[in-house]
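An overview of the molecular structure
Listed below, chain by chain, are the residues.
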Amino acid sequence: MDIISNATLYETIKTRFEGDICFIQIDRPEAKNAINNRLIEEFTNALDLCEELAKIVVVEGSPEVFCFGADFKGIQQSIENGTQHQDQNPELMYNLWQKLASGPYITIAHVRGKANAGGMGFVAACDIVLCEQKAVFSLSELLFGLMPACVLPFLIRRIGFSKAHYMTLMTQPVQAKEAYDWGLVDAYDENSKNLLRKHLLRLRLLSKQGITSYKSYLNKLDNFPNASKSHALAANIEVFSDERNLNKIARFVKTGQFPWEKG
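An account of the accompanying structure is given in this report. (Residues numbered from 1 in each chain as written. Predicted model: local features only at pLDDT ≥ 70, side-chain atom pairs only at ≥ 80, totals over all residues. Heavy atoms only, no water.)

Looking at the overall build of the protein chain
The condition is simple: For the purposes of this entry, the term helix denotes a DSSP run of H or I that reaches at least four residues, the term strand denotes a run of E that reaches at least two, and both are numbered from the N terminus. Using C-alpha atoms as the atom set, the radius of gyration is obtained and then compared with a globule rule of 2.2 Å times the number of residues to the power 0.38. Between buried and exposed lies partly exposed: a residue is buried under 20% and exposed over 50% of the maximum accessible area for its type, with that area taken using a 1.4 Å probe on protein chains only. Throughout, a residue-residue contact means that at least one pair of heavy atoms, one from each residue, lies within 4.5 Å. All accessible areas in this document rest on Shrake-Rupley with a 1.4 Å probe, and a residue is counted as covered only by the protein chains that are shown.
Scanning the protein chain for helices and strands turns up 13 helices and 11 strands. Since a compact globule built from 263 residues should have a radius of gyration of about 18 Å, the 18 Å found for the protein chain is in line with a globular shape. A burial count over the protein chain gives 49% of its 263 residues as buried. Within the protein chain, residue pairs in contact and separated by at least 24 positions form 72% of the contacts whose partners lie at least 6 positions apart. Per element, the accessible surface of the protein chain, about 12900 Å² overall, is 52% carbon and sulfur.

Let's talk about the packing of aromatic side chains
Keep this limit in mind: Between rings of Phe, Tyr and Trp, where Trp is taken as its six-membered ring, a pair exists when centres lie within 6.5 Å; planes separated by under 30 degrees are stacked, by over 60 edge-to-face, and by other angles tilted.
Throughout the structure, instances matching the rule amount to 12 aromatic pairs. Here the aromatic rings of F72 and F144 are separated by 5.1 Å at their centres, their planes lie at 85°, and the arrangement is edge-to-face. Here the residue F72 occupies a position in helix α2 (residues 72–81), and F144 occupies one in the loop between β9 (136–138) and α6 (152–159), the gap between them amounting to 72 residues. Here the aromatic rings of Y94 and F154 are separated by 5.0 Å at their centres, their planes lie at 55°, and the arrangement is tilted. A residue pair is termed long-range when its members are at least 10 positions apart, and Y94 in helix α4 (residues 90–102) and F154 in helix α6 qualify at 60 residues. Just as Y94 is buried, F154 falls in that class too.

Thoughts on the sheet that holds strand β7 (residues 114–116)
Here is the rule we go by: At least two DSSP bridges between two strands are needed for those strands to be called paired.
If you trace the four strands from one edge of the open sheet to the other, you get β5-β7-β9-β10, paired in mixed fashion. Edge strands, defined here as strands with exactly one partner in the open sheet, are β5 (65–67) and β10 (174–175). By the bridge criterion, two bridges tie β9 to β10 in an arrangement that is antiparallel. Bridged to V136 within β10 is Q175.

Digging into the pairing of strand β2 (residues 13–18)
The side chains of a regular strand alternate between both faces of the sheet. Strand direction decides the pairing type here: β2 and strand β3 (residues 21–26), joined by six bridges, are antiparallel. Looking across to β3, one finds that K14 is bridged to Q25. Between β2 and β3, which pair antiparallel and follow one another directly, the connecting turn spans two residues, one of which, G19, has a positive phi of 65°.

Observations regarding α4
The line we're drawing: Given the number of residues in a helix, its expected span is that number minus one, multiplied by 1.5 Å.
A rise of 1.5 Å per residue sets the reference length of α4, with its 13 residues, at 18 Å; its end C-alpha atoms lie 18 Å apart and thus fit the reference within 8%. The complete set of buried residues in α4 reads P90, M93, Y94, L96, W97, Q98, L100 and A101.

Let's talk about the pairing of β3
In terms of burial, β3 is largely enclosed, as five of its six residues are buried. Pairing between β3 and strand β4 (residues 56–60): five bridges, direction parallel. Within β4, the position partnered with F23 by the bridge is V58.

Focus on the packing of α4 against α6
This is how it is decided: Under this scheme, a helix contributes an axis fitted over its contacting stretch, all axes are lines through C-alpha atoms, and angles between N-to-C directions fall in the 0 to 180 degree range. If an angle is under 35 degrees, it is roughly parallel; if it is over 145, roughly antiparallel; if it lies from 65 to 115, roughly perpendicular; otherwise it is oblique.
In the contact formed by α4 and α6, the axes pass within 11 Å of each other and the chain directions differ by 25°. With respect to α6, the element α4 is oriented roughly parallel. Every residue of α6 that contacts α4 at Y94, W97, Q98 and A101 is listed here: P153, F154 and R157.

A look at the nonpolar core
Put simply, the test is: By nonpolar core we mean a set of buried residues, namely Ala, Val, Leu, Ile, Met, Phe, Trp, Tyr and Cys, connected to one another through side-chain atoms within 4.5 Å.
Of all hydrophobic cores here, the largest spans 54 residues; its most connected members are F43, W97, V111, F122, F137 and L155. If near-sequence neighbours (up to four positions away) are discounted, F137 is found in contact with V111, A115, M120, V123, C131, M167, Q172, P173, V174, A179, L184 and V185. I56, V58, L196 and I211 belong to the second-largest nonpolar core, a separate cluster that totals 14 residues.

Thoughts on unusual backbone geometry
Unusually for a residue other than glycine, K32 sits at a positive phi of about 55°. One can find K32 in the loop between β3 and α1 (37–53). For N33, which is not glycine, the phi torsion reads 55° and is therefore positive. Structurally, N33 can be placed in the loop between β3 and α1. Take N33: its relative accessible area is 2%, and that puts it in the buried class.

As for the pattern of salt bridges
Going by this rule: A side-chain nitrogen of Lys or Arg and a carboxyl oxygen of Asp or Glu constitute a salt bridge if their distance falls within 4 Å.
Summed over all chains, the structure comprises 15 salt bridges. When the shortest N-O distance is used, the salt bridge between K254 and E80 registers 3.5 Å. Of this pair, K254 sits in helix α13 (residues 243–255) while E80 sits in helix α2, and the two are 174 residues apart along the sequence. Overall, the relative accessible area of 57% leaves K254 in the exposed class. The exposure class assigned to E80 is exposed, which follows from its relative accessible area of 53%. Across the pair D186 and R158 runs a salt bridge, and its minimum N-O distance is 2.5 Å.

Here is the structure:
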């Protein structure tokens, strides 16, 4: 493959092009690849470039953590600085996932390790989900009085209401085999790099024009994330504005104790 270097330097992601395939790796190892405003901004910028330059986008994390969700430490710091409400804008994150779901390229989530909470938004928004056998998927929000408000429209679109509802309520990790049975994962293998390579060899045969036309048509057939957007944003703002929930987050960051554990 012809490897094209990317001149754009990012703080929270790594990107590289192999011909018309773009690899975007979430790269915040110190924060378990958690989502913050800078990551959303940089990831969105990378996808804007992909609209013209790529026909396939591969989203990856680290071997241990794909993406662990919202940056609780960042939220705790914004609470202490009094900037929580200024920083709160879930629409930018939602728009990013809509780009993954509806953009003029095929998106592949290549999951190794843990995908949790907001990380599930990246997974569910992608056209294809591939993972290692050791990968796990979870929604932990309700443990802190929160809810996966912005994730659910994309997750329901992928696995249906009942399974998304069950994952939300149980908050427990789902193993690769079960995720495959539910339709969250399209294929899994002990060696997911080889699995990804096989998929890319086939998908590269498709033309950019054909992919663009198909995705445009598909968006007309399934408008659920767009129709659900206003409700998702309102619910997200509501739970992240609740002082009780914010106190649970701050306590967890400082002590490592979950809300049900006594201090």
